[in-house]
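Residue-level listing of the chains:
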Amino acid sequence: MTPRRKLWKKFAAQKHLQTMALLGVAWMIVFNYIPMYGIIIAFKEFNIIKSIAEAPWVGLTHFKEFLADENFGNVMKNTLGISLIKLFIGFPLPIIFALFLNEVRSIRYKKAIQTISYLPHFLSWVVLGGILATWLADVGIINHILMGLHFIDQPISYLAEPKYFWTIIITSDIWKELGWSAIIYLAAIAGVSPEMYEAATIDGAGRFQKMWFVTLPAIKSTISILFILAVSGVLNSNFDQILVLRNSLNDSTSNVIDYYVYQTGLLSGRYSYSAAIGLFKSVIALILLLIANQVSKKINDTSLF
């Protein structure tokens, strides 16, 4: 039997699964690859009255304009500041949470903790943003608690104060995603052989020693892969969250790349300029991905490719 005939026979035997896979491939081509043609407007002066093909070429003009923009420094500072703090604080917390949750022996208590920690993930930022805006208002519950504990004398409108914005963004993001992010680590921990823990117990290891010398090394590859992906997305600042919580009063600390693209592209109609900024961000993300992948490969022999 020829290889082609074997392939068709295998396809026929798995026709339902293959059909589902082909539908997924078709979806990716239509919504992910075909729209990539529009990237060329970053190198053109696009006008919605004319087609992309008719727009004149301007080369790297929009990229140079962005680098020389008076908002460039502030936008990059806010984007990198929020993203790097999220990376260095928000990335290890789900690992620590998963390690400690794995040590909980009561199944009922463990399920209760998981349910409570997962719940915020399933709420949109529109809902959570409204809740946070209410809590953080000058008449909100946060001010009542802090004034009741005599930490502050006067109520503070936190979302109107730029100096509090990064803290609010980072804390709320961790609160929303902590439990959900820990799922992959819990799944990886579940795959660790019980014999390794038994051997560690025989050697006299305690719970913390087992976590450090058994569990963490066993899930090292999972941590590495997720860290590579996290590094590649360091210029992503969670647009939904920023859009819901930002306002004109905290603009100096809330104006990140994603919002700036939205502002210049959709609100101001500068489609070519915003496309250039988006492409600039994608290129930087690709470079960071390649660097993180190579570093991970050299350090612990784990990589995406």
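Criteria and cut-off values
Residues numbered from 1 in each chain as written. Predicted model: local features only at pLDDT ≥ 70, side-chain atom pairs only at ≥ 80, totals over all residues. Heavy atoms only, no water. Helix = DSSP H or I, 4+ residues; strand = E, 2+ residues; numbered from the N terminus. Rg over C-alpha atoms; globule rule 2.2 N^0.38 Å. Buried < 20%, exposed > 50% of the residue type's maximum accessible area, 1.4 Å probe, protein only. Areas by Shrake-Rupley, 256 points an atom, 1.4 Å probe, with all protein chains shown as cover. Lys, Arg positive; Asp, Glu negative; His and termini not counted. Charge placed at Lys NZ, Arg CZ, Asp CG, Glu CD. Salt bridge = Lys/Arg side-chain N within 4 Å of Asp/Glu carboxyl O. Core = buried A, V, L, I, M, F, W, Y, C linked by side-chain atoms within 4.5 Å. Contact = heavy atoms within 4.5 Å. Axes fitted to C-alpha atoms, helices over the stretch in contact; angles between N-to-C directions. Parallel < 35°, antiparallel > 145°, perpendicular 65-115°, else oblique. Left-handed = near helix turned anticlockwise from the far one by under 90°. Nonpolar A, V, L, I, M, F, W, Y, C, P; charged D, E, K, R; others polar. Phe/Tyr/Trp six-rings, centres within 6.5 Å; stacked < 30°, edge-to-face > 60°. Polar contact = N/O pair within 3.5 Å; in protein donor to acceptor, adjacent residues only side chain to side chain.

> Tell me what's going on with the overall build of the chain, and back it up with residues and numbers.
When helices and strands are tallied, the chain shows 16 helices and 0 strands. Against the 2.2 N^0.38 benchmark of 19 Å for 305 residues, the chain shows a C-alpha radius of gyration of 25 Å, more extended than a compact globule. Across its three principal axes, the chain shows a C-alpha extent of roughly 85 × 75 × 40 Å. Residue burial in the chain is summarised as follows: out of 305 residues, 34% are buried. Carbon together with sulfur atoms contributes 68% to the accessible area of the chain, which is approximately 18700 Å² in total. Of the side-chain charges in the chain, 25 are positive and 18 negative, and the distance between the mean point of each set is 15 Å.

> Help me get a handle on the pattern of salt bridges, residues and values and all.
Applying the stated criterion to the full structure yields 7 salt bridges. A salt bridge links E65 to R270; the nearest nitrogen and oxygen atoms lie 2.4 Å apart. Taken together, the residues E65 in helix α3 (residues 61-68) and R270 in the loop between α15 (257-267) and α16 (271-300) connect sequence positions 205 residues apart. Judged by relative accessible area, R270 falls into the partly exposed class, the value being 34%. Between E103 and R105 there is a salt bridge, with its nearest N and O atoms 3.5 Å apart.

> Break down the environment of D240 for me, with residues and values.
Along the chain, the position of D240 falls in helix α13 (residues 239-245). Here D240 falls in the partly exposed class, since its relative accessible area comes to 46%. Separated by 116 residues in the primary sequence, D240 and S124 have C-alpha atoms spaced 8.7 Å apart.

> Hey, could you go over the nonpolar core for me, with residue numbers and the actual values?
Counting residues in each nonpolar core, the largest one holds 24 residues, and the members touching the most others are F91, I95, A98, Y185, I189 and I223. In terms of residues, this core owes the most to one element, helix α5 (residues 92-102), which gives 5 residues. With residues near it in sequence (within four places) discarded, F91 still touches K86, Y185, I223, L226, F227 and A230. If you look at the next biggest cluster of nonpolar residues, it comprises 16 residues, including W125, Y158, F165 and I168.

> So what's going on with the packing of α5 against helix α9 (residues 162-190)? Which residues, and what values?
At a minimum axis separation of 8 Å, α5 and α9 run at an interaxial angle of 60°. Between α5 and α9, the interaxial angle falls into the category oblique. Crossing handedness for the pair α5 and α9: right-handed. Residues L93, P94, I95, F97, A98, L99, L101 and N102 of α5 form the contact with α9, whose participating residues are I174, L178, G179, S181, A182, Y185, L186 and I189. Across the contact of α5 with α9, the residue classes tally to 13 nonpolar, 3 polar and no charged.

> Residues and numbers for the packing of aromatic side chains, please.
This model, assessed by the stated rule, comprises 16 aromatic pairs. Ring geometry for W27 and F31: centres 5.5 Å apart, planes at 40°, overall tilted. Of this pair, W27 and F31 both sit in helix α2 (residues 15-33), 4 residues apart, which is roughly one turn of the helix. Ring-pair connections join several aromatic residues into one group, and the members of that group are F66, F72, Y260, Y273 and F280.

> Let's hear about the packing of helix α12 (residues 220-232) against α16: which residues, and what values?
The contact between α12 and α16 brings their axes to 7 Å, and the two run at 160°. The orientation of α12 with respect to α16, classified from their angle, is roughly antiparallel. Crossing of α12 against α16: the hand is right-handed. When α12 is examined against α16, the residues K220, S224, I228, V231 and S232 are found in contact with a partner set consisting of A285, L288, L289, A292, N293, S296 and N300. Grouping the amino acids of the contact of α12 with α16 by side-chain chemistry returns 6 nonpolar, 5 polar and 1 charged.

> Report on unusual backbone geometry, specifying residues and quantitative values.
With phi around 65°, H150 is a residue other than glycine that occupies positive phi space. Of note, H150 is situated in the loop between α8 (141-148) and α9. Residue H150 is classed as exposed on the basis of its relative accessible area, which comes to 68%. Even without being glycine, N238 reaches a positive phi, approximately 60°. Within the fold, N238 resides in the loop between α12 and α13. Judged by its relative accessible area of 25%, N238 falls in the partly exposed class.

> How would you summarise the side chain of Q241 if you had to cite specific residues and measurements?
In this fold, Q241 is placed in helix α13. One polar contact links the side chain of Q241 to the main-chain carbonyl oxygen of I169, over a distance of 2.7 Å. Residues within four places of Q241 in sequence aside, it is in contact with K86, W125, I169, S172 and D173.

No statement about biological role is implied by the geometric values presented.
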